[in-house]
Amino acid sequence: MPQMGVSVAEGTVVEWKKQPGDWVEADEIIASISTDKIDTDVEAPASGRVQEVLVEVGATVDVGVVLARIATDAKPGEAHASESASDGTSEAEVALEAPGEAGELQGDTTEEHAGTAQRGSAAAESVPTRPTRRYSPVVMRIAAEHGIDLEQVEGTGRGGRVRKPDVLAHLENGAAEEPPMHIESPYKPEPIPPRRPKAKETAPEGQPLSRMRQSIGRAMVDSLQTAATCTTIIEADMTGIAADREKTGLTWLPYVARATIEALGDFPSLNATLEGETFTEHAAVNLGIAVSLGSGGLIVPVIHDAQDLSIEGLGKAIKALARKARDNQLTPD
């Protein structure tokens, strides 16, 4: 279990991308984990064949616990227990799938069959004239979330295969519409309360909270015990900002962020920490931006040294952080 920050002591295995017997390349994603801070992917430290999975999906273990073992003396294409000839799989087929492909790709894998003995027949005419593109689960997930047509994405992988960096680069170029951040449209209709079951009905089963939602709950309770809370309402004339937005195309959030930064500069005692009896004011403004992950919860990535950014720079930084948060690309720092 990797160390994902100084305050993270444990993690939960969410999914294994590879199973015992599968071939894995160095730096290829082998598992997904969830911590109190972020959900992230775990990359294989070396190439080899997965020999043993030691921590099952759903198990929570401390940082430093061995999750799996990889046999680095194995070779791609070598037969093993799950690739025996008894199941009809040939050695050639194993060799084709072994280097990082097995268990990863989904979709139609039909290949071109030109040159077969059936050329000219009706069966041969029905065979596709070019290979159908294949995509990994993470690529298809990102594409679905952002409404991307993967046929329009240029792949840089082997044989023109579309990889995760290709989809992220496609997003950077503005090819898909960015979903709105929840803090720019916070007002939603009140949810309809659940109907109480009748006497003879069975009550719905409860589900355990995710680690992130558990962490959010603890943090909210702690904040009530460690910080003075109040509500204040102030009217502000946003006419000038509304006019500037017509020229910049920015959302309201970067302007509010810039105003917050300038206010902290005018009132530095608000940009401070209290540890015991020591009160420390900070010159740098490290600005947290709340990002909704939908049903996954809420996360607050940080823009470091935000005081050095213009309104336009804040807009780009906020957009980049929100995208990384939704794509599970945030790093512990």
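Scroll up for the structure.
Note that the coordinates shown come from a computational prediction; the quantities given were computed from them, not determined experimentally. (Residues numbered from 1 in each chain as written. Predicted model: local features only at pLDDT ≥ 70, side-chain atom pairs only at ≥ 80, totals over all residues. Heavy atoms only, no water.)

Chemist: Would you explain the overall build of the protein chain in this entry?
Modeler: A tally of regular secondary structure across the protein chain gives eight helices and 13 strands. The buried share among the 333 residues of the protein chain stands at 29%. Taking as baseline every contact in the protein chain between residues at least 6 positions apart, the subset at least 24 positions apart corresponds to 54%. Surface accessibility of the protein chain: about 21900 Å² in total, with carbon and sulfur atoms responsible for 54%. (Helix = DSSP H or I, 4+ residues; strand = E, 2+ residues; numbered from the N terminus. Buried < 20%, exposed > 50% of the residue type's maximum accessible area, 1.4 Å probe, protein only. Contact = heavy atoms within 4.5 Å. Areas by Shrake-Rupley, 256 points an atom, 1.4 Å probe, with all protein chains shown as cover.)

Chemist: Can you walk me through the pairing of strand β4 (residues 39–43) in this structure?
Modeler: Walk down a regular strand and you will see the side chains alternate between the two sheet faces. As judged from the five bridges shared by strand β3 (residues 29–34) and β4, these two strands associate in the antiparallel manner. Directly across from S34, in β4, lies its bridge partner D39. Between β3 and β4, which pair antiparallel one after the other, the connecting turn spans four residues. (Pairing = 2+ DSSP bridges.)

Chemist: Please explain the pairing of strand β1 (residues 10–16) as it appears in this structure.
Modeler: With three bridges connecting them, β1 and strand β6 (residues 60–62) associate as antiparallel partners. Looking at the pairing, G11 lines up with V61 of β6. With four bridges joining them, β1 and β3 adopt antiparallel strand pairing. If you follow V13 over to β3, its bridge partner there is I33.

Chemist: When you look at the pattern of salt bridges in this model, what are you seeing that I'm missing?
Modeler: When the charged atoms of two side chains lie near each other, side chains of opposite charge can form a pair. Here the structure, examined in full by the defined rule, presents five salt bridges. When the shortest N-O distance is used, the salt bridge between K247 and D244 registers 3.7 Å. One end of the pair is K247 and the other is D244, both in helix α6 (residues 239–248) and three residues apart, which spans about a single turn. Owing to a relative accessible area of 68%, K247 belongs among the exposed residues under this scheme. Assessed through its relative accessible area of 24%, D244 is described here as partly exposed. (Salt bridge = Lys/Arg side-chain N within 4 Å of Asp/Glu carboxyl O.)

Chemist: What should I look at first to understand the side chain of S34 in this one?
Modeler: Within the fold, S34 resides in strand β3. Look at S34 and you get buried, because its relative accessible area is 9%. Excluding anything up to four places from it in sequence, S34 contacts G11, T12, V14, D39 and R211.

Chemist: Would you explain the sheet that holds β1 in this entry?
Modeler: One key point about sheets: their strands pair by backbone hydrogen bonds, in either a parallel or an antiparallel sense. Read across the open sheet, the four strands follow the order β4-β3-β1-β6; overall the sheet is antiparallel. The sheet is open, and its two borders are formed by β4 and β6, each paired with just one other strand. Averaged over all neighbouring strand pairs, the angle between strand axes comes to 40°, with direction disregarded. (Axes fitted to C-alpha atoms, helices over the stretch in contact; angles between N-to-C directions.)

Chemist: Honestly, the side chain of E28 in this entry has me stumped. Any pointers?
Modeler: Topologically, E28 is positioned in the loop between β2 (23–24) and β3. For E28, a relative accessible area of 12% puts it in the buried group. Within the local environment of E28, its side chain forms a polar contact with the backbone nitrogen of E25, the two atoms lying 2.9 Å apart. (Polar contact = N/O pair within 3.5 Å; in protein donor to acceptor, adjacent residues only side chain to side chain.)

Chemist: Would you explain unusual backbone geometry in this entry?
Modeler: Trans peptide bonds make up the majority, and among non-glycine residues the majority have a negative phi. Even without a glycine there, the phi angle at D305 is positive, about 50°. Mapped onto the elements, D305 comes out in the loop between β13 (302–303) and α8 (311–326). Since its relative accessible area comes to 36%, D305 is described here as partly exposed. The phi torsion at N328 lies on the positive side, around 55°, for a residue other than glycine. Along the chain, the position of N328 falls in the segment after α8.

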